[in-house]
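The lines below spell out each chain.
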Amino acid sequence: MSLLRRDRRRSLASAIGIATGSVAYLLTLLNFSLDPTRTANALGYASNFFDLQARAFIAGDLNVPMDSLGIEGFRQRGQEFMYFQPWPALIRVPVLLTTNEFDGELTLLFMALAYVLLAVMLAKLVWLVRDMVMEPDLPVGRFEAMSLSILLACLLAGTTLTYNASLPWVYHEVYAWAIPMSVGAMYWMLRSVRDPQFPHIAWMGAFCLGAVCTRTTGGWAMCLGAMAVGAWLLLDREHPERRRFAWAAMAAGAGPVLVGAIINYAKFRHPYMFPLEDQVWSQLNEHRRRALEVNGGTITGLQFFWTSFVAYFRLDGVRFVDYFPFITVPATPAEGIDGAFLDQSYRTGSVSGFMPWLLLLTVASSLMLFRRRMPREHKMLRIPLVAGVMVSGGVMAYGYIATRYTCDFIPGVMIGGIIATCLINAWLIKHRSLLMIPFIGIAAVATTFSIVANMLIGHTAAANTAGGESLAQFLNRQNELTASAQKGLIHQYPSRPAFGSGKTDDIAIVGDCEAVYFNTGDRYVPWTLVERRNDTVVATIKPVERARRGRLLLYETLITPPHRVWLITDTKGRARVMIENETGEYAGQWFDVLPPYKVRIGIRDIPEWEYAEVTSTPGGWVGYIRAAQWDREAITHAVDIVTQAQNNWEARTAGVTFAIEPGLPLTLCSKLAKTAGLDIDD
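Definitions and limits used
- Residues numbered from 1 in each chain as written.
- Predicted model: local features only at pLDDT ≥ 70, side-chain atom pairs only at ≥ 80, totals over all residues.
- Heavy atoms only, no water.
- Helix = DSSP H or I, 4+ residues; strand = E, 2+ residues; numbered from the N terminus.
- Buried < 20%, exposed > 50% of the residue type's maximum accessible area, 1.4 Å probe, protein only.
- Contact = heavy atoms within 4.5 Å.
- Pairing = 2+ DSSP bridges.
- Axes fitted to C-alpha atoms, helices over the stretch in contact; angles between N-to-C directions.
- Disulfide = S-S within 2.5 Å.
- Salt bridge = Lys/Arg side-chain N within 4 Å of Asp/Glu carboxyl O.
- Parallel < 35°, antiparallel > 145°, perpendicular 65-115°, else oblique.
- Left-handed = near helix turned anticlockwise from the far one by under 90°.
- Nonpolar A, V, L, I, M, F, W, Y, C, P; charged D, E, K, R; others polar.
- Polar contact = N/O pair within 3.5 Å; in protein donor to acceptor, adjacent residues only side chain to side chain.

1. Some words on the side chain of Glu 173
Here Glu 173 shows up in helix H8 (residues 170-194). Residue Glu 173 is classed as buried on the basis of its relative accessible area of 0%. Other than its neighbours up to four places away in sequence, Glu 173 contacts Phe 50, Pro 88, Arg 92, Thr 107, Phe 110 and Met 111.

Structural data, given as structure tokens:
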């Protein structure tokens, strides 16, 4: 086969695999929309942290503005610091030097940029391992091209990194960068140990530094891998002339660790620890303080190992249901094992549930590589495999369980999947086995499942996290696709569902379609408000000769302190609506009350903002009142908005008569009630 044809097959296999994976990843990243500035939630919280840090860097500071990070801030020496590492902020600096128009809206774009780096480095790593495993100068055949194309698609979209893409905020952008940094480091480890040159070692050190400056624990694993390369070169008896590169490789691993320690010390006066007791969240959340107390001032340690192991490797870590989205994470959060007192725990999908093929291949690669009498180049593959697996070391001893932390296992299953696939391909080709076609079929089916499963849980996570209109659209889609199955999830409640009631994915209709709540299955916010219909107050303000100025209460939210909505009238036949909250009073414009002397005041819930909008006709927009309250654990919950308008003595002396009308019907609620066969008077 000619060199041109061989390269063409490589290019075609890479292009098909990358294109397939990219489509799935980018659809999830955009949440099937065309909005490149999308954030994980409507308020943009945690999607602007790296922009804030980048602005601080431009100003020559490590600290960010006080109170800008909310619960994630660390208060040290009268300043506020971010515990996330600096790389995702540093790469924003060139953009932010030129404009401030996109502050808070760059996360999705930079996650896409990180994905480009991942695609490039994965393709290079796949073909490098292939060339190390196969016989020299053996051309790429059709079977191998198909196998590696499917593998690339699986690597690029068949992991929880695709789920990760569903939420463009700081917690997930970290992994969007950390994984390609680790993949790049593993690639240059192999280049350096196979053909040691100072440029190769420099690139290895650069990617190790990028990994440390993105996610510290994963970066340490890569640095240990780089040091292992140095040890290999130092102890290499076959090529003693290569020992001169050993110390450079050692430095490529040790240097980034030192840089990371300096950065952490500059913030927290410790080379690697965070002072969790000084985090804002620790000041607000009673359970966090209890977790720190029980676990000796930290939330890391070997006491969490078995809890993490079960949560991240349970075989039932994926859940199949007969309603959209069909595939989801387990219905309940992980529980502590052997007395482990967890900081936080969420419904968590497992590596075995959502990356089964790559996990199986990684196990196979470990069995195949750690045998006696292995070829020299096969032994070299042990270094990145061990380094990749070690990336997960930190999360295995962490008292916080969540699906996003399965991303720490991705570098390990990526390099393991590549090695096993290439070794299996080599064996099948060498023996001209009839198992080639079954292997391709199994790989294709497993890859398809992993891609679809991660896209679906990502779509669900995006709806749940955004809430409000996004969650309403999700439930409407569920109704359109699987109405008969959804019917069993819909229940009618006389009032807002109580904490702990219902089951995961249940839908609560309150009263005669007064509100819709969705059961998240979450331990902290089990019911989330989807939509709510509030009363409309119709005030008739007729001219009265002796009318007095009036200040009449219309609505009140059941929070502490309460937010209130007032109707203000004067003796000139004018009125306006005023909002009262903990910071003061804010009034709308005065307007003349003309025949038929009626003023309609309405409230529209915006659950994704945790506020409700107040308007009047005439008069127009007035402002917002808070429709959610923090509990003692600093978790927000929707609160009731009570209509307080009364035809009392104060109203009569102001010449005002009130009538209460129901607000506009809730379209989704009516549709759900019809599906469930509920008798609703809306």
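2. A word on unusual backbone geometry
Among all residues save glycine, negative phi is the norm, and among peptide bonds the norm is trans. The linkage connecting Thr 560 with the following residue, Pro 561, adopts the cis geometry, with an omega of -10°. For Pro 561, the position within the fold is in the loop between strand E12 (550-557) and strand E13 (564-569). A positive phi angle, near 60°, is found at Phe 32, a position not held by glycine. Considering the arrangement of structural elements, one finds Phe 32 in the loop between helix H1 (3-29) and helix H2 (49-58).

3. A few points about the sheet that holds strand E9 (residues 515-519)
Strand order across the open sheet formed by four strands is E7-E8-E9-E10, with mixed pairing between neighbours. Both outer strands of the open sheet, strand E7 (490-493) and strand E10 (527-532), are each paired with one neighbouring strand and no more. When the angles between neighbouring strand axes are averaged without regard to direction, this sheet yields 25°. In terms of strand pairing, E7 meets strand E8 (residues 507-510) through four bridges, oriented parallel. Its bridge partner being in E8, His 491 is matched across the sheet by Ala 508. Of the strands in this sheet, E7, E8, E9 and E10 are in contact with helix H22 (residues 468-486), which crosses E10 at around 95°.

4. Comments concerning the state of the cysteines
Within this structure, the stated rule accounts for one disulfide. Paired through a disulfide, Cys 513 and Cys 669 show a sulfur-sulfur distance of 2.1 Å. The chirality of the disulfide connecting Cys 513 with Cys 669 is left-handed, given an S-S dihedral of about -100°. Here the residue Cys 513 occupies a position in the loop between E8 and E9, and Cys 669 occupies one in helix H24 (residues 667-676), the gap between them amounting to 156 residues.

5. A few points about the pattern of salt bridges
In the structure shown here, the tally under the stated rule is 28 salt bridges. The salt bridge involving Arg 496 is made with Asp 640; its shortest N-O contact spans 3.5 Å. Linking Arg 496 in the loop between E7 and E8 with Asp 640 in the loop between strand E21 (636-638) and strand E22 (641-643), this pair joins segments that are 144 residues apart in sequence. Because the salt bridges share partners, they merge into one network encompassing Arg 551, Glu 556, Arg 564, Glu 580 and Glu 585.

6. Some thoughts on the pairing of E10
The buried count for E10 comes to six of six residues, which makes it a mostly enclosed element. Inspection of the sheet shows E9 paired to E10 by five bridges, in the antiparallel sense. The partner of Val 516 across the bridge, within E10, is Glu 531.

7. Regarding the packing of helix H6 (residues 142-157) against helix H21 (residues 436-466)
As a packed pair, H6 and H21 sit with axes 9 Å apart at the nearest point and diverge in direction by 15°. When the axis of H6 is compared with that of H21, the two are roughly parallel. Two packed elements cross with a definite hand, and for H6 against H21 that hand is left-handed. Within the contact between the two elements, H6 uses Phe 143, Met 146, Ser 147, Ile 150, Ala 153, Cys 154 and Ala 157 and H21 uses Met 436, Phe 439, Ile 440, Ala 443, Ala 444, Thr 447, Ser 450, Ile 451 and Asn 454. Of the residues belonging to the contact of H6 with H21, the class tally is twelve nonpolar, four polar and no charged.

8. Description of the sheet that holds strand E19 (residues 620-626)
Across the sheet, which stays open at both edges, the five strands sit in the order E19-E18-E17-E11-E23 with antiparallel pairing between neighbours. Sheet topology places E19 and strand E23 (656-661) at the edges, where each strand pairs with a single neighbour. Pairs of neighbouring strands in the sheet enclose a mean axial angle of 20°, with direction left out of account.

9. Let's talk about the environment of Asp 535
Topologically, Asp 535 is positioned in the loop between E10 and strand E11 (536-541). When its relative accessible area of 30% is taken as the criterion, Asp 535 is described as partly exposed. When the C-alpha positions of Asp 535 and Glu 277 are compared, they lie 44 Å apart, and in sequence the two are 258 residues distant. Look past the residues within four positions of Asp 535 in its chain and what remains in contact with it is Tyr 555, Ile 601, Thr 643, Ile 660, Glu 661, Pro 662 and Gly 663. In terms of polar contacts, Asp 535 uses its side chain to reach the side chain of Thr 643, at 2.9 Å.

All we've got here are geometric facts, nothing functional implied.
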